[in-house]
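# Geometric and topological summary
Here are the chains, one letter per residue:
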Amino acid sequence: MSAKSIIFGWKIIFFLGFSIVLFAILCFRLFDLQILKGDFFLNKAEDNRLFSFRIAANRGVIFDRYFQPLSWNERVYYYRENIESLYSDEKLLFQDEAMVVLATDEARVNLDFARYYLPSESLSHTLGYVAEADKESLANDSSLALGQLIGHLGLEKIFEKTLRGVEGSQTVEINALAQQRRNLWLKKPQSGNNIETTLDPILSQFAWDALGDQKGVIIINDAKTGELLALVSKPGFDPNFISQSKSLDEAAQQERQEKITNWLNDSKQRFFHRAIAGVYPPGSIFKLVTSLAGLENGALNAGTTVVDEGVLKVGDYEYRSWLGRAEGEMDLVKAIARSNDIFFYKAAEWIGPDNIAVMAKRFGFGSKSGIELLGEQKGLVPSPAWKENTIGERWFLGNTYHFGIGQGDLLVTPLQISQLVQALANNASICSPHLIKSTESFCHEVGIKEENLELVLRGMLAACSSGGTASIFFPHNDTRLQEGVNAFSQINNGAIACKTGTAEFGGQDEQGKRNTHAWWVGIIDLKKFKIYKSENLENSEKTISDVQRERWSKLIEKHGFPERITITVMAESDEENPFKEGSIDAAKPAKEIIDWILGE
């Protein structure tokens, strides 16, 4: 066999071998594509042939205590320029325009929902708002879609999954040009669940107005259950401006963005929920806790007196009263009424800081209340052990003095102060504050003797009566106090039990002064009062307040109203008035609220 024949033979073998290998590869690839990965490529092909449109779910409604909507949805309509295209341009339609198009060419109208809120900033922090899901939310919740609205802040956020519902979808067949060919199947959306709150929006709005231009907090609750009727933090924001992005044209969108940016950069911290997240020194309000700590451990009693000579000297240090002058002999009731610092300096010394701290914690200070909102702070109840372990310093007598009058390192939230007053109004039974009607009121005894609670309440009644610190309430109480009856009988008769506080914080200025926040807390029983009505007035005589009161009184007739409420007011120091006073800046809004409720 010649060399040429051998070479030709090897070429034939190589060609046959190569053909066999190539054929085997092709067979394997066909097996892989059709058998092993057939379902995968079938689904890919189906995905290219099918397209699903999202159908928005109707978000649940948030109701007030009278079952009136606080947050609800309204339909938003869009006109589709090209119904065959998946990505057709759309323009916003007014409702009357949408009705016309729907009657003739339903396929050209897309439907969505816009979230609306009662037009009031007074509820903004508590209700929250909805906005498009952010990157973090999308990463943590696979059920969310890009552009979907979800709750931010307040009840909208904490009850997001309850309110959201389940979106539906419309699946259509498309061609290679992404044009719709036919509708295939429809998955209907599921509406979210509603929630009913304890909030009174009319009372909340009046409380908001009563604060005027002040930054601050007003909390009103049912003394017997802990239900919150008002949880006002000022300043606030308009949640409609944030949530209604889908119902605005281009110009309105620009205005909206600018306004939200201004809010975020506002030095007044509009999105800060002061009622639950703000921590402040309580000042003289805390003297109520110091009083009960002393009475319960025997360091104080009804006969305990301290002579106020205007200044208390301890070695090289001097501790002065807020009044700046001597007030003479003080017993506990008078010391509470006059908010006498000298009495409570000595009382705190006799009681001891650890005993005061224990009593504070029994009333919920230093712990979260468990309210149905995010962002609640615990505050701080100091003690000798805390100071040594945290700061690395020993506790001095001066620390005890400051602790006893609600100053020093002590920090509380307005909601915690509200809990304290609610417990005092409810026979020393503290109830967890809550915003949802279906939440069971969880109350427990603090463990205060009846005679000790009586002394403290007598001091609070005296604070709102002639000779006390809340002079604006003297006319109210002086006509209602009765001789020879106990404190709860006085409250049942309509007298107000209250306490004022002026709390220092920060460093001293050139005159040696510190800025101050203002506090006022009070208990008022409404059994003896009939809610004022304006129905007897002619329509031409009625003010906006009269109209609101008339509507409010009708709601109360139908749904009822708590027999006893507590009110907590905190007016925050600001640049315009850095030195707030409890007897003026906090007491005045409280008086306006009570007068409005009673129609006086």
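Going along each chain's sequence as written, the residues are numbered from 1 onward. This being a predicted model, a pLDDT of at least 70 is required before a residue's local features are given, and a value of 80 or more before pairs of side-chain atoms are given or counted; all residues contribute to the totals for chains, interfaces and linings. Only heavy atoms go into the side-chain values, all of them from the structure, while hydrogens and water stay out.

Strands here mean DSSP runs of E at least two residues long; helices mean DSSP runs of H or I at least four residues long; both are numbered from the N terminus. Counting its secondary structure elements, the protein contains 23 helices and 21 strands. In the protein, which comprises 600 residues, the proportion classed as buried is 51%. Across the protein, contacts joining residues at least 24 apart in sequence account for 71% of those joining residues at least 6 apart. Under the convention used here, a 1.4 Å probe and the Shrake-Rupley method define accessible areas, while residue burial counts only the protein chains that appear. Counting every atom, the protein has about 29500 Å² of accessible surface; 52% of that belongs to carbon and sulfur. We call a residue buried when its accessible area falls under 20% of the maximum for its residue type, exposed when it is over 50%, and partly exposed in between, using a 1.4 Å probe and counting protein chains only. Residue contacts are counted whenever heavy atoms from the two residues lie within 4.5 Å of one another.

Only one rule defines a salt bridge in this text: a Lys or Arg side-chain nitrogen within 4 Å of an Asp or Glu carboxyl oxygen. This structure, assessed with the given rule, holds 24 salt bridges. Note that glutamate 592 is salt-bridged to lysine 588, the shortest N-O span being 2.8 Å. Linking glutamate 592 with lysine 588, this pair stays in helix α23 (residues 582-598), spanning four residues, or about one helical turn. Overall, the relative accessible area of 29% leaves glutamate 592 in the partly exposed class. The class for lysine 588 is partly exposed, based on a relative accessible area of 44%. Ionic contacts of the salt-bridge type, sharing partners, join the residues Arg59, Arg115, Asp141, Glu156, Glu160 and Arg164 into one network.

This part takes up the state of the cysteines. The disulfide definition used here is simple: a pair of cysteine sulfur atoms within 2.5 Å. One pass over the structure, following the stated rule, counts two disulfides. Note on cysteine connectivity: cysteine 431 is disulfide-linked to cysteine 443, with sulfurs 2.0 Å apart. In this structure the cystine formed by cysteine 431 and cysteine 443 twists about its S-S bond by roughly 105°; its chirality is therefore right-handed. Residue cysteine 431 is found in strand β17 (residues 429-431), and its partner cysteine 443 is found in strand β18 (residues 443-445); the two are separated by twelve residues along the sequence. Here cysteine 443 falls in the partly exposed class, since its relative accessible area comes to 31%. For cysteine 464, the disulfide goes to cysteine 498, at an S-S distance of 2.1 Å. Its S-S torsion of approximately 120° makes the covalent link between cysteine 464 and cysteine 498 right-handed. In this pair, cysteine 464 sits in the loop between α19 (450-463) and α20 (474-478) while cysteine 498 sits in strand β19 (residues 497-505), placing the two residues 34 residues apart along the sequence. Taking relative accessible area as the criterion, cysteine 498 reaches 0% and is therefore assigned buried.

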